[in-house]
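Tertiary structure, described
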Amino acid sequence: FDQAQAYQAAARAALTRAGGDLALSARLDRQASDVFRLAAKYDQALTYAQRALRYYQDQPEPKDLLIASCMVSLGEIYRLRGNYESAVRFQTRVLTLREQILGPEHPLVATACTNLGTSFFRQGKYRQALSYQLRALQISEKFLPPDHHELATSLVTVGATYLQLAEYDLAT
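We now turn to the structure provided with this report.

The rules behind the values
Residues numbered from 1 in each chain as written. Predicted model: local features only at pLDDT ≥ 70, side-chain atom pairs only at ≥ 80, totals over all residues. Heavy atoms only, no water. Helix = DSSP H or I, 4+ residues; strand = E, 2+ residues; numbered from the N terminus. Contact = heavy atoms within 4.5 Å. Areas by Shrake-Rupley, 256 points an atom, 1.4 Å probe, with all protein chains shown as cover. Expected span 1.5 Å × (residues − 1). Buried < 20%, exposed > 50% of the residue type's maximum accessible area, 1.4 Å probe, protein only. Arc of directions from axis to C-beta. 1 Å grid on protein atoms, 1.4 Å probe; cavity = no way out; pocket = protein on both sides within 12 Å on 5 of 7 lines; lining within 4 Å. Points joined across faces, edges and corners; volume = space filled by probe spheres on them. Nonpolar A, V, L, I, M, F, W, Y, C, P; charged D, E, K, R; others polar. Core = buried A, V, L, I, M, F, W, Y, C linked by side-chain atoms within 4.5 Å. Salt bridge = Lys/Arg side-chain N within 4 Å of Asp/Glu carboxyl O.

On a plain count of helices and strands, the protein chain comes out with nine helices and zero strands. N-terminal to C-terminal, the α/β element order of the protein chain is α-α-α-α-α-α-α-α-α. Here the contacts in the protein chain between residues at least 6 apart in sequence split such that 53% fall between residues at least 24 apart. Carbon and sulfur atoms make up 53% of the accessible area of the protein chain, which amounts to about 9600 Å² in all.

Pasting the structure below:
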């Protein structure tokens, strides 16, 4: 973590000396957000992710996939903090953006569904969680080989949700 922070500081100093390219600054903010999130320093992570999101939203031609990327970070930070309502709000926006830009069967749409399923599961909203988990699984089965570890993880997650719903015949 300390080494990552040192590299971030060096990159910001070089950026300032070079005239402060705002697009690069926003990219650094996204990366800093990830570093702080992984270190469980959620307040700092939130600050950087919000700043990057504002930059991308304020562009004359907003880059929707970059906006979605910032929203993924924000959704994950809120989920990790236990603020599931905020997490779901950002995750739903990510899903909508990715479907519009990439189409409904894209792997990143599956990831967005997985994230929503996780947030709903953590809230005990198992039917909603299952809906997103099954959709993620359906999409993933189209582009991953049958022995891929992500498919195995998805199947375990779906099974766990069926167990929570006491639908034991579907859980196995």
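For the rest of this paragraph, the subject is helix α8 (residues 149–164). Its 16 residues give α8 an end-to-end C-alpha distance of 23 Å, which sits within 8% of 22 Å, the value for a rise of 1.5 Å per residue. Every buried residue of α8 is accounted for by Leu151, Ser154, Val158, Gly159, Thr161 and Tyr162. Burial along α8 is one-sided: seen end-on, the buried residues are contained in an arc of 160 degrees. Opposite the buried face of α8, at more than 90 degrees from it, the exposed residues are His149 and Val156. Positive backbone phi, at 60 degrees, marks Ala166, one or two positions downstream of α8.

To find leftover empty space, a probe the size of one water molecule is rolled over the atoms. Counted as a void, the largest pocket has a volume near 170 Å³. Lining the largest pocket, in full, are Pro107, Ala110, Thr111, Thr114, Asn115, Ala136, Ser140, Phe143, Glu150, Thr153 and Ser154. Breaking the lining of the largest pocket down by element, the ones donating at least two residues are α6 (107–122), α7 (126–143) and α8. Element by element, the count of residues in the lining of the largest pocket is highest for α6, at five residues. Class assignment of the residues belonging to the lining of the largest pocket gives a composition of four nonpolar, six polar and one charged.

Among the nonpolar cores identified, the biggest contains 32 residues, and Leu53, Tyr56, Met71 and Leu74 are the most heavily contacted of them. The set of elements that each furnish at least two residues to this core consists of α2 (22–38), α3 (42–57), α4 (64–80), α5 (84–102), α6 and α7. Among the nonpolar cores identified, the runner-up in size contains seven residues, and Leu130, Leu144, Leu151 and Ala171 belong to it.

Another point: the pattern of salt bridges. Summed over the entire model, instances satisfying the criterion amount to seven salt bridges. When the shortest N-O distance is used, the salt bridge between Glu99 and Arg135 registers 2.7 Å. Remark: Arg135 occurs in helix α7 and Glu99 occurs in helix α5; sequence separation between them is 36 residues. Accessibility expressed as a relative area gives 27% for Glu99, which makes it partly exposed. Among the residues examined, Arg135 registers a relative accessible area of 24% and is labelled partly exposed. One salt bridge in this structure joins Glu167 and Arg127, with 2.3 Å as the shortest N-O distance. With a gap of 40 residues between them, Glu167 in the loop between α8 and α9 (168–171) and Arg127 in helix α7 connect regions that are remote in the sequence. Judged by its relative accessible area of 18%, Glu167 falls in the buried class.

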